[in-house]
Amino acid sequence: MHILTIQKSVPVVGVYDVVVCGGGPAGFIAAVTAAREGAQTALIERFGFLGGMATAGYVTPISEFKFDDAVVIGGIPWEFIQRLEAMGGAFVEPTIGNVAFDPELYKLCAQRMALEAGVHLYMNSYLSGCVRQDGVIRQAIIENKNGTEAVEGRYFIDATGDADLAHLAGVPMQPMNGESLQPLSTYFILQGVDTDSPIIREAMHHSKQGENCHCLPIRERLLGMTKTEDLPNFGGPWFCTLLRDGAVTVNMTRAAADACDNRDYTRAECELREDVFRLTDVLRRNFEEFRNCRVAGVSVQAGIRETRRIRGVHTITGQEYLSAVHYPDSIAHGMHPIDIHSSQQGQQYTHFLDRPSYVPYRALIAPDYPNLLAAGRCLSADRQAFASLRVQGSCMEMGQAAGAAAALCAQEDVPVQQADIFRLLARLRALGALL
Ligand SMILES: Cc1cc2nc3c(=O)[nH]c(=O)nc-3n(C[C@H](O)[C@H](O)[C@H](O)COP(=O)(O)OP(=O)(O)OC[C@H]3O[C@@H](n4cnc5c(N)ncnc54)[C@H](O)[C@@H]3O)c2cc1C
């Protein structure tokens, strides 16, 4: 391989208090929060819609807002769920508050909330670089149909899931210690499923505390078919309602790959697309409930469970997490089981929590990066704690905290490491967070 050196003059197309990179569950909530807290806010997103894994990956349901039937994640994330529900686009399951949703209404609701708050959207814009001077990130570099552009900010929130901005800025990442990443899974939508049948009705509502919601009767029969059917590696299967008769999302495919390596990710995307149709064929031929089904949609991107996470001021360990350590700067919760999927076989390690656990503000910031916060999947946690905190409810709550913190630091003109925690917690409670 030979290397080209390219020099470019790039226009600075906007100057903001807060620039959020990534418009998934963590990012769009971060942007709405920062804007409502009075910060001039920009949101950079590579797709032409918001929602990240929820909408580009069809990852359903949104987990989890409740523990023992009591709402734990409040504020702007919960407001979003209630608005989506009022639009006919969400169904909140009892007990654990998992949320089944319509991905198209999700996009619309998220976009409305961002625009109403005054967020400047840079959609169809890929974050490809950043300028860092004297330790401070000055501009995010984006690529879109206008060419290469720069978006300037006083504070930046990395909500790209893969910690792209932090990586580009040189933030050290969590070590992998020789372990393999959790597998990728491409979700798909099946139409024409017998959603009135007892097996599917039971499987598509994920509402039981302390239970893996995969469809055991179908899993057991599939495992018995490994000699008669040419079955690819599969997990679950998990089915989820799409709030309309005859349609379910399916989480079943899986492939080992590093989604931050372009060639590996490309290979996995292609394999997983083949597997969607192979598995649908197996379901159609062997299970009465799927006899008339067809693939109505394949997620825009393969679902990514795990990639880069920052090495923050504090790294949440599995031990802390399982003991539900409450920190003086707790800003978010986790309620999902520790849920580690094996990339080699369709196996899964699951450990259910006795009570909600916590995320400290210090897990969203890195030492030596005075104007950068990370929210969502790229937080600072070890593999165990991360394997629970990666779900969308927790990512949204981290987004809310990062947005409020960035707006507060912008008002006080202080580095993120010197945020006034007492004021931050007060602002989060005022927004409805249940801390
Ligand atoms: C197979 C699978 C099953 C899952 N099951 C569940 C479940 O049952 N319940 C649950 O709640 N969660 C589940 N999850 C986890 C959950 O979907 C994600 O961890 C969560 O969406 C992470 O949110 P995020 O905002 O941090 O990142 P993401 O949702 O990944 O959002 C990141 C956003 O940043 C954008 N972006 C990324 N890079 C760039 C760039 N360079 N430039 C511009 N934009 C960029 C992306 O397009 C995206 O919109 C599952 C995930 C997978 C893969």
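J.: How would you explain the environment of Gln133 if you had to name every residue and give the values?
T.: Tracing the sequence through the fold places Gln133 in strand β8 (residues 126-133). Its relative accessible area of 43% is what places Gln133 among the partly exposed residues. Here Arg138 takes part through its side chain, which lies 3.5 Å from a polar atom of the side chain of Gln133.

J.: Tell me what's going on with the domain arrangement of the protein, and back it up with residues and numbers.
T.: You can read the domains of the protein as domain 1 (14-178 + 306-430) and domain 2 (188-298). Of note, the centres of domain 1 and domain 2, computed from C-alpha atoms alone, are 28 Å apart. Of the residues lining the interface, 31 residues belong to domain 1; the matching set on domain 2 comes to 28 residues. Taken over both partners, the interface formed by domain 1 and domain 2 buries close to 2,100 Å², and the fraction arising from carbon and sulfur atoms is 57%. When the buried area of domain 1 at its contact with domain 2 is split by residue, Tyr58, Gly346 and Phe352 rank highest and sum to 24% of it. At the boundary of domain 1 with domain 2, the tally comes to zero salt bridges. Linking domain 1 with domain 2 are eight residue pairs in polar contact (both at pLDDT 80 or more). Only β5 (90-92), β6 (99-101) and β17 (348-351) provide two or more residues apiece to the side of domain 1 that touches domain 2. Here the residues of the side of domain 1 that touches domain 2 sort into 11 nonpolar, 15 polar and five charged.

J.: Can you break down the pattern of salt bridges residue by residue, with the values?
T.: Should the charged atoms of two oppositely charged side chains come close, the side chains can pair. One pass over the full model with this rule turns up 24 salt bridges. Here Arg36 ties to Glu79 by a salt bridge, and the two come within 2.8 Å at their closest N and O atoms. One end of the pair, Arg36, is in helix α1 (residues 25-36); the other, Glu79, is in helix α3 (residues 76-86), and 43 residues separate them in sequence. When its relative accessible area of 38% is taken as the criterion, Arg36 is described as partly exposed. Notably, a salt bridge pairs Glu116 with Arg83, separated by 2.9 Å at the nearest N-O pair. Taken together, the residues Glu116 in helix α4 (residues 103-117) and Arg83 in helix α3 connect sequence positions 33 residues apart. Looking at Arg83, the relative accessible area reads 26%, which means it is partly exposed. Three or more residues are tied together by salt bridges with common partners; here these are Glu179, Glu306, Arg309 and Arg383.

J.: Can you break down the sheet that holds strand β14 (residues 294-298) residue by residue, with the values?
T.: Read across the sheet, four strands follow the order β12-β13-β11-β14 without closing on themselves; strand pairing throughout is antiparallel. The open sheet terminates on both sides in strands that have one partner only, identified here as β12 (234-241) and β14. Neighbour to neighbour, the strand axes of the sheet diverge by 30° on average, direction disregarded. Two strands pair when backbone bridges link them, and strand β11 (residues 188-191) and β14 are joined in this way by four bridges, in the antiparallel orientation. Considered in β14, the bridge of Ile189 is made with Gly297. Across the face of the sheet, helix α7 (residues 216-223) comes into contact with β12 and β13 (247-253) while running at roughly 150° to β12. Where helix α8 (residues 262-286) meets the sheet, its contacts fall on β11, β12, β13 and β14, and the angle it forms with β14 comes to roughly 155°.

J.: Any chance you could break down the site of the ligand for me, citing the residues and the numbers?
T.: Not every one of the 33 residues close to the ligand is listed here, only the nearest: Glu45, Arg46, Pro61, Ser63 and Arg390. A distance of 3.0 Å separates an oxygen atom of the ligand from a polar atom in the backbone of Met53. Protein contacts shield 96% of the accessible area of the ligand, which totals 1,000 Å² for the unbound molecule. Those elements giving two or more residues to the shell around the ligand turn out to be α1, β8 and α11 (392-412). Here the shell around the ligand is built from residues that sort into 14 nonpolar, 13 polar and six charged.

J.: Go over the packing of aromatic side chains with me, naming the residues and quoting the values.
T.: Under the criterion given, the structure shown has eight aromatic pairs. With a centroid separation of 6.1 Å and 90° between ring planes, the pair formed by Tyr16 and Tyr122 is classed as edge-to-face. On the criterion of sequence distance, the pair formed by Tyr16 in strand β1 (residues 12-21) and Tyr122 in strand β7 (residues 120-122) is long-range, its members being 106 residues apart. Note on Tyr16: relative accessible area 6%, which makes it buried. Using a relative accessible area of 13% as the deciding quantity, one classes Tyr122 as buried. For the pair Phe80 and Tyr106, a centre-to-centre distance of 4.8 Å together with 70° between the ring planes defines the contact as edge-to-face.

Reading the values: the criteria
- Residues numbered from 1 in each chain as written.
- Predicted model: local features only at pLDDT ≥ 70, side-chain atom pairs only at ≥ 80, totals over all residues.
- Heavy atoms only, no water.
- Helix = DSSP H or I, 4+ residues; strand = E, 2+ residues; numbered from the N terminus.
- Buried < 20%, exposed > 50% of the residue type's maximum accessible area, 1.4 Å probe, protein only.
- Polar contact = N/O pair within 3.5 Å; in protein donor to acceptor, adjacent residues only side chain to side chain.
- Domains from an automatic or database assignment.
- Contact = heavy atoms within 4.5 Å.
- Buried area = accessible area lost by both parts, 1.4 Å probe.
- Salt bridge = Lys/Arg side-chain N within 4 Å of Asp/Glu carboxyl O.
- Nonpolar A, V, L, I, M, F, W, Y, C, P; charged D, E, K, R; others polar.
- Pairing = 2+ DSSP bridges.
- Axes fitted to C-alpha atoms, helices over the stretch in contact; angles between N-to-C directions.
- Near = heavy atom within 4 Å.
- Areas by Shrake-Rupley, 256 points an atom, 1.4 Å probe, with all protein chains shown as cover.
- Phe/Tyr/Trp six-rings, centres within 6.5 Å; stacked < 30°, edge-to-face > 60°.

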